[in-house]
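# Understanding the architecture of this molecule
Residue strings, one per chain:
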Amino acid sequence: MSQDQRLRTQDSPNMSGNFTFTAMVAENQAQERIHQLVQELNRHNHLYYNEAQPEISDYAFDQLLEELIQLEKAFPQFVQPDSPSQRVGGSVTKQFEAVSHRFPFLSLSNSYSRDDLMEFDQRIQKAVTLPYTYVCELKFDGVAIGLQYENGLLKRAVTRGDGLQGDDVTVNVKTIRSIPLKINTEALGQTAIPETFEIRGEIFMTHKRFDEMNEARRAELLDLGYDEDQIRERLFKNPRNATAGSLKMQDSAEVAKRKLDCFMYALMGEGFGEESHSDNLSLARKLGFPVSEASRQCANLEEVFQFIDEWEGKRDQLPFDIDGVVVKVNEYAVQRLLGSTAKSPRWAIAFKYKAREAQTRLLSISYQVGRTGAITPVANLQPVFLSGTTVKRASLYNADYIAEMDIREGDTVFVEKGGEIIPKVIRVDTTKRDLFSTPHVYIDRCPECNTPLLRKEGEALHYCPNESGCPPQIIGRIVHFVGRKAMDINTLGEKTIELFVREGLLHDVADLYSLRAESILGLEGFKELSTKNILEGIEASKAVPFERVLFALGIRYVGETVAKKLALHFRTLDALMEADLEQLRATEEIGEVIALSVQAFFSQPNNLAVCRRLQEAGLQFVLNEEAYKPKSDRLAGKSFVVSGVFSVFSRDELKKKIEENGGKVLSGVSASTSYLIAGEKMGPEKRKKAEKFNVPVISEEEFVKMIAEHD
Ligand code: IVH
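Residues numbered from 1 in each chain as written. Predicted model: local features only at pLDDT ≥ 70, side-chain atom pairs only at ≥ 80, totals over all residues. Heavy atoms only, no water.

### Let's talk about the overall build of the protein chain
- When helices and strands are counted, the protein chain shows 27 helices and 20 strands.
- In terms of overall dimensions, the protein chain has a C-alpha envelope of 100 × 90 × 45 Å along the principal axes.
- The 711 residues of the protein chain split such that 47% are buried.
- Look at the contacts in the protein chain between residues 6 or more apart in sequence, and 67% of them connect residues 24 or more apart. (Helix = DSSP H or I, 4+ residues; strand = E, 2+ residues; numbered from the N terminus. Buried < 20%, exposed > 50% of the residue type's maximum accessible area, 1.4 Å probe, protein only. Contact = heavy atoms within 4.5 Å.)

### Quick look at the environment of Lys 631
- Within the secondary structure, Lys 631 is located in the loop between helix 24 (625-628) and strand 17 (639-643).
- A sequence separation of 26 residues divides Lys 631 from Lys 657, and the C-alpha atoms of the two residues are 9.2 Å apart.

### Observations concerning the sheet that holds strand 11 (residues 348-352)
- Read across the sheet, 5 strands follow the order 2-11-10-3-9 without closing on themselves; strand pairing throughout is mixed. Either end of the sheet is taken by a strand with one partner, and the two such strands are strand 2 (110-111) and strand 9 (296-298).
- Where strand 2 meets strand 11, 2 bridges bridge the pair, whose relative direction is parallel. Bridge pairing in strand 11 links Ser 111 to Phe 351.
- Contacting strand 3 (134-140), strand 9 and strand 10 (322-329), helix 10 (residues 277-286) crosses the sheet at an angle of about 55° to strand 3. (Pairing = 2+ DSSP bridges. Axes fitted to C-alpha atoms, helices over the stretch in contact; angles between N-to-C directions.)

### Notes on the packing of aromatic side chains
- Scanning the model with the defined rule gives 23 aromatic pairs in all.
- Ring geometry for Phe 75 versus Phe 78: centroids 6.1 Å apart, planes at 20°, classification stacked. Taken as a pair, Phe 75 and Phe 78 share a single burial class, namely buried.
- Centre to centre, the rings of Tyr 149 and Phe 197 are 5.2 Å apart; their planes meet at 5°, and the pair counts as stacked. One end of the pair, Tyr 149, is in strand 4 (residues 143-150); the other, Phe 197, is in strand 7 (residues 196-204), with 48 residues separating them in the sequence. (Phe/Tyr/Trp six-rings, centres within 6.5 Å; stacked < 30°, edge-to-face > 60°.)

### Description of the side chain of His 101
- By the element assignment, His 101 lies in the loop between strand 1 (98-100) and strand 2.
- If we skip the residues at most four places from it in the chain, His 101 touches Val 158, Thr 159, Arg 160, Gly 163, Leu 164, Gln 165, Gly 166 and Arg 200.

### Remarks on the pairing of strand 8 (residues 261-268)
- Here strand 8 lies mainly inside the structure; 7 of its 8 residues are buried.
- Relative to strand 8, strand 7 runs antiparallel, the two sharing 7 bridges. For Arg 200, the partnering residue across the bridge sits in strand 8 and is Ala 266.

### Quick look at the pairing of strand 3
- Counting buried positions along strand 3 gives 7 out of 7 residues, so the element sits mostly inside the fold.
- As paired strands, strand 3 and strand 9 are joined by 3 bridges and run antiparallel to one another. When the bridges of strand 9 are listed, Val 135 appears paired with Gln 297.
- The sheet contact formed by strand 3 and strand 10 spans 7 bridges and is antiparallel. Note on strand 10: the bridge partner recorded for Leu 138 is Val 325.

### Some points on the nonpolar core
- Formed by 57 residues in total, the largest nonpolar core has its most connected members in Phe 481, Phe 500, Leu 512, Leu 550, Leu 566, Leu 573 and Leu 614.
- One finds Val 143, Leu 154, Ile 176 and Leu 181 within the second-largest nonpolar core, a separate group that totals 36 residues. (Core = buried A, V, L, I, M, F, W, Y, C linked by side-chain atoms within 4.5 Å.)

### Quick notes on helix 15 (residues 494-502)
- Here helix 15 has its buried residues at Thr 496, Ile 497, Phe 500 and Val 501. Within helix 15, the buried residues cover an arc of 135° as seen down the axis, which keeps them to one side.
- Tucked into the core, helix 15 has its buried residues touching helix 14 (471-482), helix 16 (517-521) and helix 17 (528-540).
- Looking one or two residues beyond helix 15, the residue adopting positive phi is Gly 504, at roughly 80°. (Arc of directions from axis to C-beta.)

### Quick notes on the site of the ligand
- Contacts to the ligand come from 13 residues, most closely from Glu 137, Leu 138, Glu 202, Tyr 265 and Lys 328.
- Contacts to the ligand include Leu 138, whose backbone N or O atom sits 3.0 Å from a nitrogen atom.
- Here an oxygen atom of the ligand and a side-chain polar atom of Glu 202 are 2.2 Å apart.
- Protein chains shield 87% of the accessible area of the ligand, which is 520 Å² for the free molecule.
- Sorting the residues of the shell around the ligand by element identifies strand 3 and strand 10 as the ones contributing at least two each.
- Per-element accounting of the shell around the ligand gives the leading share, 4 residues, to strand 3.
- Tallied by class, residues from the shell around the ligand come to 8 nonpolar, 1 polar and 4 charged. (Near = heavy atom within 4 Å. Polar contact = N/O pair within 3.5 Å; in protein donor to acceptor, adjacent residues only side chain to side chain. Areas by Shrake-Rupley, 256 points an atom, 1.4 Å probe, with all protein chains shown as cover. Nonpolar A, V, L, I, M, F, W, Y, C, P; charged D, E, K, R; others polar.)

### Brief notes about the environment of Met 118
- Tracing the chain through its elements places Met 118 in helix 4 (residues 114-127).
- Separated by 183 residues in sequence, Met 118 and Leu 301 place their C-alpha atoms 7.6 Å apart.
- Contact partners of Met 118, with chain neighbours within four places excluded, come to Leu 301 and Phe 305.

Shown next, in the form of structure tokens:
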């Protein structure tokens, strides 16, 4: 019998009649099992994250973790401070406490050339006569952290802050799997470790996680009805920003999802008995800390240069960002002699790789008009090769950026590809400026429709207010309108829409329904068949149900889900148009922001006119009650969350089935959820929430059985 089976038997109704005794046995066994699970899980965690040599499957790990969480729930008195259950997060911090560092958190002085490094080396040679070597490490581009341990347990994680004081971000840092919650004292043998010590390092996010996170965020925002410009503004710019943002999140469960990573680079504190930095790193590794394999001891500057050159070439292959190399004197005896300034140690220096920048000519400045009317200035460049791609255009952000840097057409400029996706102009070489050049004059009219631009108080961007007459804005709205989840007119692509708008065939979405074959055939490249297809696609869209028409209108913040809620609540477009703020807000899941946006949309005469014309064209402006009439009341009063990938039905089909049978579909798991229908690849958070609220998790098959009688 396994430990946990025994435990369960003991837990079951007491047969002996001696309740206290049995309960005590159960308690003892629970404590023992908890202890065992914590040790086992921490070991597997280390094997997985620090050694990349897992011994058990993710599934088996999750099972053990689950067992531990359940036991801890039943016996909270035995929760250990190093329990891996703490890594899933859950506690919410309103404000991070400021704490003082025991040792000042110094930074590094920077160097940018071989000459700088030679000077650094000469300064050391002048100051000390002892022999010394260097250790070169990668300079990880993330957020610095100090981890404080007491009696082997992680007590506190503090950010660098101003060097003297930082923020206590312990709960968030505990979610980082490669950081040991308890250090591996067994691996030490005879070596004693101090009761308290600190280890410092850098927290970062891998490129893969960064991309995944931004993709997920993009999908979420798209679903909320944001357009590309708005989405771009809301995405994280680079992994470092994303890391900093994550560490300051209030909900540690959210931080856990970010899957941050880290490397440690210095054990601090007296009593380790190490005599050099390289030994210090080996010890840190032995204690179970994540220490990069990329460090190397170098006998002299030549070897340092070699390390720097080697990684300059290889840095693009790393799964995370580095911004240089750190060169440290290895021997502590020499480090002590050199000491530190108030800001940085004299025995270490950062060598910063040049940002990948290139010099080129700024041929012209042009302006793009986004779908919301936002104007962005763009630099058109003499094409230049920069870290793997040819750059022809770069961002100039806004009018202030151009004015502050005095960027002029014809200038010789430097462009840089930082962590950001779009290259930017970072400097002007004014020595190469043409004698007759003049400051750039920012446009005051829309380059597309000539409407005077607006700039709202406190905002960086100029806007074109001509929503109904400015081509890119019209094109954007029509592209959204014909989209797959909206009117699904897949015979009309973006290029065609753009052409039709530019040719004056389309001015708004309602014009689609008065398009005639004759006018399309008059355009180059359009034959009988393609024209017929387009018109048929448009005609077919007249059957698209009301809730999707509502989504297609492109009301800000009215995504697919909100459109459905509004359609179900108001049932006709007329009712929705007439609704006041109170009525809008009384709709399920509709808040102030959405309500205001809906009201603003229907208060504009243009929008009202377009809606009228769409109605006359025969679009569905009334809810198809039939489709929503429950086919059965089998699921009446029950609510479901659907998550993951399914084999028989699509997620949308499952949702439809729920509604057809009188059930309700919810977006997130809460205490009021009746069931969570779990498909493959369902996120672990949903499952955790379900467990937290005791919501039964069922499979697609089980769900189908529930409704089978009626289907
Ligand atoms: S040693 C006393 N080593 O660079 C010197 N720092 O200004 C302490 N960093 O944000 C720094 N990788 O967190 C050191 N291998 C490395 C590093 C490193 C990144 C960061 C550090 C701080 C900045 C130093």
